[in-house]
Amino acid sequence: MRRTLIAGNWKMNLNLQQSEALAKAVAESADTDSVDVALCPPSVYLAAVVNAVAGSKVAVGGQNMYHAAEGAYTGELSPGMLKDVGCSMVILGHSERRQLFGESNQDVCLKTHAALAAGLTPIVCVGETLQQREGGETSAVIREQFEGSLKGLTAEQVGGIVIAYEPVWAIGTGKVATPDQAEAVHADLRKLLETSYNAEIAASVRIQYGGSVKPDNAAELLAQPNIDGALVGGASLKADSFLGIISPR
Ligand code: PEP
């Protein structure tokens, strides 16, 4: 049985005080008995958010990291640093990292190996652009990102990751994929897990949907058989809307 995982990606938003207040509000009210919940604040606020959720079951994750353990990599964070500050997860290969900062599947793959080696759960993001969807390339793009980002991992290691399907055209645009559109890609990803690894891994790995998830569309998306949670951007910045996704009506 796969447990639903709702993760908030705050991106480059909020200040310290707002981050602490939001983390406390989520920790106080999120139904973490039924659902796994994670918050991914800007890296400078990670320690404060870890502190704000202390004593709750809310997990904290990074939004990115570099693959090396230490060294002359100005501006970067290592997997060990995320662990050290209290993170248990890290988002990798978000489409904004891929598009704005030129991250390749190979970069994501190096990071995925390094995150697992450090004991972090990587949330590995894949997703097609509107042009790719309209050109009928969705399956090929998803397969290429899946294979490239997970290259060299054992089945056991893949059992320790989370995949996030985030169609680029639905991120921050208000255009949500229909439950059928999302479910079709999630089912393809589940099949890829089975053919590339095995049936047990395919049945256990969680696949989140991300892209304009809101309280009013969450229930229908989360009801799909292969959608195991949500990676939420904009709607994770307010306690009411994030809590409304964690416990949709
Ligand atoms: C995201 O950034 O991962 C995301 C899904 O953003 P939004 O929910 O704002 O579309």
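Use the structure listed above.
Residues numbered from 1 in each chain as written. Predicted model: local features only at pLDDT ≥ 70, side-chain atom pairs only at ≥ 80, totals over all residues. Heavy atoms only, no water.

### Here's the deal with helix H7 (residues 138–150)
- An ideal rise of 1.5 Å per residue puts 18 Å on 13 residues; H7 measures up with 18 Å between its terminal C-alpha atoms.
- What H7 keeps buried is the set Thr138, Val141, Ile142, Gln145, Phe146, Gly148, Ser149 and Leu150.
- Lining the buried residues of H7 we find helix H4 (95–100), helix H5 (105–117), strand E5 (121–126), helix H6 (130–134), strand E6 (162–165) and helix H9 (179–196).
- Directly beyond the C-terminal end of H7, a positive phi value near 85° is found at glycine 152. (Helix = DSSP H or I, 4+ residues; strand = E, 2+ residues; numbered from the N terminus. Expected span 1.5 Å × (residues − 1). Buried < 20%, exposed > 50% of the residue type's maximum accessible area, 1.4 Å probe, protein only. Contact = heavy atoms within 4.5 Å.)

### Focus on the pattern of salt bridges
- If you walk through the whole model with that rule in mind, you get ten salt bridges.
- Residues glutamate 103 and arginine 97 are paired through a salt bridge, measuring 3.1 Å at the closest nitrogen-oxygen approach.
- On the accessibility criterion, glutamate 103 (9% relative accessible area) is buried.
- Taken together, the shared-partner salt bridges in this structure form one network comprising Arg2, Arg190 and Asp228. (Salt bridge = Lys/Arg side-chain N within 4 Å of Asp/Glu carboxyl O.)

### Re unusual backbone geometry
- Located in the positive-phi region is leucine 14, a residue other than glycine, with phi close to 75°.
- Relative to the helices and strands, leucine 14 is located in the loop between strand E1 (5–9) and helix H1 (16–29).
- Overall, the relative accessible area of 25% leaves leucine 14 in the partly exposed class.
- In the Ramachandran plot, serine 212 falls in the positive-phi region, its phi being about 55° despite a non-glycine side chain.
- Considering the arrangement of structural elements, one finds serine 212 in the loop between strand E7 (206–210) and helix H11 (215–222).
- Overall, serine 212 belongs to the buried group, its relative accessible area being 10%.

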